[in-house]
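A structural walkthrough
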Amino acid sequence: MLYAFCVTTPVLGVILADYGSGWRDHRRFALTTLRNFGLGKNSMEDRIHEELKYTINTLEKSIDKSLSPQRMFHNAASNIICQVVFGTRFDYEDEFIKVIVQCFTENAKISNGPWAMLYDSLPMIRYLPLPFNKAFENVKRGDDGSSFSEEHLIMNALDLHFAGTDTTSNTLLTGFLYLMTYPHIQERCQQEIDEVLEGKDRATFDDRNNMPYVQAVIHEVQRIANTVPLSVFHCTTKDTELMGYVIPRGTLIIPNLTSVLNEEGQWKFPNEFNPENFLNDQGEFVKPEAFMPFSTGPRMCLGESLARMELFLIVVTLLRKFNFIWPEDAGEPDYTPVYGVTLTPKPYLMKVQLRATQ
Ligand code: HEM
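Treat the numbers as computed from the prediction; the structure is a model and nothing was measured.

Rules of the game
Residues numbered from 1 in each chain as written. Predicted model: local features only at pLDDT ≥ 70, side-chain atom pairs only at ≥ 80, totals over all residues. Heavy atoms only, no water. Near = heavy atom within 4 Å. Polar contact = N/O pair within 3.5 Å; in protein donor to acceptor, adjacent residues only side chain to side chain. Helix = DSSP H or I, 4+ residues; strand = E, 2+ residues; numbered from the N terminus. Nonpolar A, V, L, I, M, F, W, Y, C, P; charged D, E, K, R; others polar. Buried < 20%, exposed > 50% of the residue type's maximum accessible area, 1.4 Å probe, protein only. Pairing = 2+ DSSP bridges. pLDDT = per-residue confidence, 0-100. Contact = heavy atoms within 4.5 Å. Axes fitted to C-alpha atoms, helices over the stretch in contact; angles between N-to-C directions. Parallel < 35°, antiparallel > 145°, perpendicular 65-115°, else oblique. Donors = N, O, S within 2.8 Å, 3.2 Å for Na, K, Ca; no water. Phe/Tyr/Trp six-rings, centres within 6.5 Å; stacked < 30°, edge-to-face > 60°. Lys NZ or Arg CZ within 6 Å of the ring centre and 35° of its normal. Left-handed = near helix turned anticlockwise from the far one by under 90°. Core = buried A, V, L, I, M, F, W, Y, C linked by side-chain atoms within 4.5 Å. Patch = residues over 30% accessible without salt bridge, like charges linked within 9 Å, V, L, I, M, F, W, Y side chains within 5 Å. Areas by Shrake-Rupley, 256 points an atom, 1.4 Å probe, with all protein chains shown as cover. Salt bridge = Lys/Arg side-chain N within 4 Å of Asp/Glu carboxyl O.

**Remarks on the site of the ligand**
Among the 28 residues in the neighbourhood of the ligand, the closest are listed as Trp23, Arg27, His234, Arg299 and Cys301. Alanine 163 places a polar main-chain atom, nitrogen or oxygen, 3.5 Å from a nitrogen atom of the ligand. Separating an oxygen atom of the ligand from a side-chain N or O atom of serine 231 is a distance of 3.3 Å. Breaking the shell around the ligand down by element, the ones donating at least two residues are helix H2 (21–36), helix H8 (150–181) and helix H12 (304–321). If you tally residues by element for the shell around the ligand, the top one is H8, at six residues. Looking at the shell around the ligand residue by residue, the classes come out as 16 nonpolar, nine polar and three charged.

**Let's talk about the environment of isoleucine 56**
Residue position: isoleucine 56 is located in helix H3 (residues 42–60). For isoleucine 56, a relative accessible area of 15% corresponds to the buried category.

**Structural notes on the pairing of strand E6 (residues 322–325)**
Burial along E6 is one-sided: the face carrying Phe322 and Phe324 is buried and the face carrying Asn323 and Ile325 is not. Bridge count between E6 and strand E9 (residues 350–354): four bridges; the pairing is antiparallel. What sits directly across from phenylalanine 324, in E9, is valine 352.

**Re the confidence of the model for the protein**
Where the model shows low pLDDT, its predicted coordinates should not be examined in detail. Of the residues in the protein, 86% reach a pLDDT of 70 or more, and the chain-wide mean stands at 87. A low-confidence stretch, residues 1–8 stays under pLDDT 50, and its non-local contacts, those more than four residues away or across chains, total 26 contacts. Within the model, pLDDT remains below 50 along residues 140–145, and this stretch shows ten contacts once partners closer than five positions in the same chain are excluded. Model confidence for the complex: the whole-complex pTM is 0.88, and ipTM, which rates the interface, is 0.98.

**Let's talk about the packing of H8 against helix H9 (residues 183–197)**
Contact geometry of H8 with H9 gives a least axis separation of 5 Å together with a crossing angle of 100°. Classified by the angle their axes make, H8 and H9 are roughly perpendicular. For the pair H8 and H9, contact is made by Leu179, Met180 and Thr181 and by Pro183, Ile185 and Gln186, respectively. Of the residues assigned to the contact of H8 with H9, the class counts are four nonpolar, two polar and no charged.

**Focus on the coordination of the iron atom of the ligand**
For a metal with four donors in a tetrahedral arrangement, the ideal angle between donors is 109.5 degrees, while six donors in an octahedron ideally sit at 90 or 180 degrees. From the protein, the iron atom of the ligand takes a single donor atom, Cys301 (SG), 2.3 Å away. With respect to the element layout, cysteine 301 can be found in the loop between helix H11 (257–262) and H12.

**Quick word on the packing of aromatic side chains**
In this description, an aromatic ring pair is defined by two values, namely the gap between the centres and the angle between the planes. Applying the stated rule across the entire model yields 15 aromatic pairs. Here tyrosine 54 and tyrosine 92 contribute two aromatic rings whose centre-to-centre distance is 6.5 Å and whose plane-to-plane angle is 50°, an arrangement assigned as tilted. Taken together, the residues tyrosine 54 in helix H3 and tyrosine 92 in the loop between helix H4 (70–85) and helix H5 (95–110) connect sequence positions 38 residues apart. Relative accessible area serves as the criterion here: at 38%, tyrosine 54 is assigned to the partly exposed category. Put simply, the rings of Phe73, Phe176, Phe322 and Phe324 touch in pairs and so form one group of aromatic residues. It is arginine 24 that lies over the ring of tyrosine 19; its NZ or CZ is 5.6 Å from the centre.

**Regarding the packing of H4 against H8**
Where H4 contacts H8, the axes come no closer than 8 Å and their chain directions differ by 145°. Regarding H4 and H8, the two cross each other, and that crossing is right-handed. Contact residues: Gln70, Phe73, His74, Ala77, Ser78, Ile81, Cys82 and Val85 in H4; Ala157, Leu160, His161, Gly164, Thr165, Asp166, Thr168, Ser169, Asn170, Leu172, Leu173 and Phe176 in H8. The class makeup of the residues in the contact of H4 with H8 is ten nonpolar, nine polar and one charged.

**With respect to the nonpolar core**
Leu59, Phe73, Phe176, Leu318, Phe324 and Met350 are the most contacted members of the largest nonpolar core, which has 64 residues in total. The dominant element in this core, judged by the number of residues it contributes, is H12, at ten residues. Residues within four places of phenylalanine 176 in sequence aside, it is in contact with Phe73, Val315, Leu318, Leu319, Phe324, Tyr348 and Met350.

**A word on the sheet that holds E6**
Sheet architecture is open: three strands sit in the order E1-E9-E6, paired in antiparallel fashion. Among the strands making up the open sheet, the edge pair consists of strand E1 (66–67) and E6. Against the sheet, H3 touches E1, E6 and E9, its axis set at about 60° to E6.

**Examining a nonpolar patch on the surface**
Nonpolar side chains collect at one region of the surface, where Leu242, Met243 and Tyr245 lie side by side and expose about 430 Å² of accessible area between them. As for its position among the elements, methionine 243 is in the loop between strand E3 (240–242) and strand E4 (245–247). What makes methionine 243 exposed here is its relative accessible area of 76%.

**Section: the side chain of serine 169**
With respect to the secondary-structure elements, serine 169 resides in helix H8. Here serine 169 falls in the buried class, since its relative accessible area comes to 0%. In this structure the side chain of serine 169 is engaged in a polar contact, spanning 3.2 Å, whose partner is the side chain of histidine 74. Side-chain polar atoms of serine 169 contact the backbone oxygen of threonine 165, separated by 2.8 Å.

What follows is the structure, encoded as structure tokens:
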């Protein structure tokens, strides 16, 4: 994946930049910018709630009908990060953003799959008109220059947009797939939400501290969603010894997040969707060490706090207002994900009802 992906993006933003001073500067710049534009402050909650109004509107138009939620969640996640990075949101039908989101959801599949493996392994096929060429067309090229060039700025913005959209929306899609098909879990979340938010007009991120069950469900969704199964590939920067194994400088390292999120011995119920994985005997929320969907170490996800805020506010706000129902004619749910840099649930339909309490 690494090579194929790097060739598509000659000016590397943050995600694929080599470890070193350039990456460090750009990571610091991205984090400072996110903070300056509201990350960790109430204004970020306001942005998420603003966007939720459009999501709620889309759902209200589909009351008692079946709707395909893929585009809705991609647009919501895309708009939240667009508001931070570009200072604007896009209409759900806007052609420009439709093309951008489609390009990088396609690239997330093309650049980590059978065609990418062939591309990496067999250099002589790189010039043939095979499907991986689509990934190159989807990315506009630029020249490399100083660490803070205009091209770098564009790549950083695109990195944040890509990293912040496909991940959050696919996690939400997995979440609602499970909430619909485990209605007793959905109902228990709604009870807790109603109790904690009674008399309040909207949820705040701090409310999570009074919602251990909802917290457990969201974390279990992230564990099961396994949204970035092989994290981002890394490389040793010096000769290293780990548990007696000698790893030479320059060795490709593929972090296997799938394995740690499903490891027998780390989880009470490794092979089922069960919020008990995050609850102790007193029903309190606990986060096992093996929970690392955002990876770990200096390269770990820099959008973690934004992603956690989005997941909490979106799930709580939507469950407070709506019941999500697996349509009677939809057959048995298929939980097998579609493989890529990010895992995506197979497309599905959801039925929406306004809750009696609303
Ligand atoms: C549920 C949502 C998300 C998940 C599961 C997720 C997961 C990950 C993972 C596994 C990595 C690779 C870490 C590594 O290389 O070891 C990563 C990197 C990254 N993520 Fe996220 N992410 C999410 C949301 C976001 C959001 C909302 C943003 C935007 C603000 C974002 C921005 C980034 C960036 C810029 C990197 C590269 C960091 C670096 O190389 O220094 N992510 N993410």
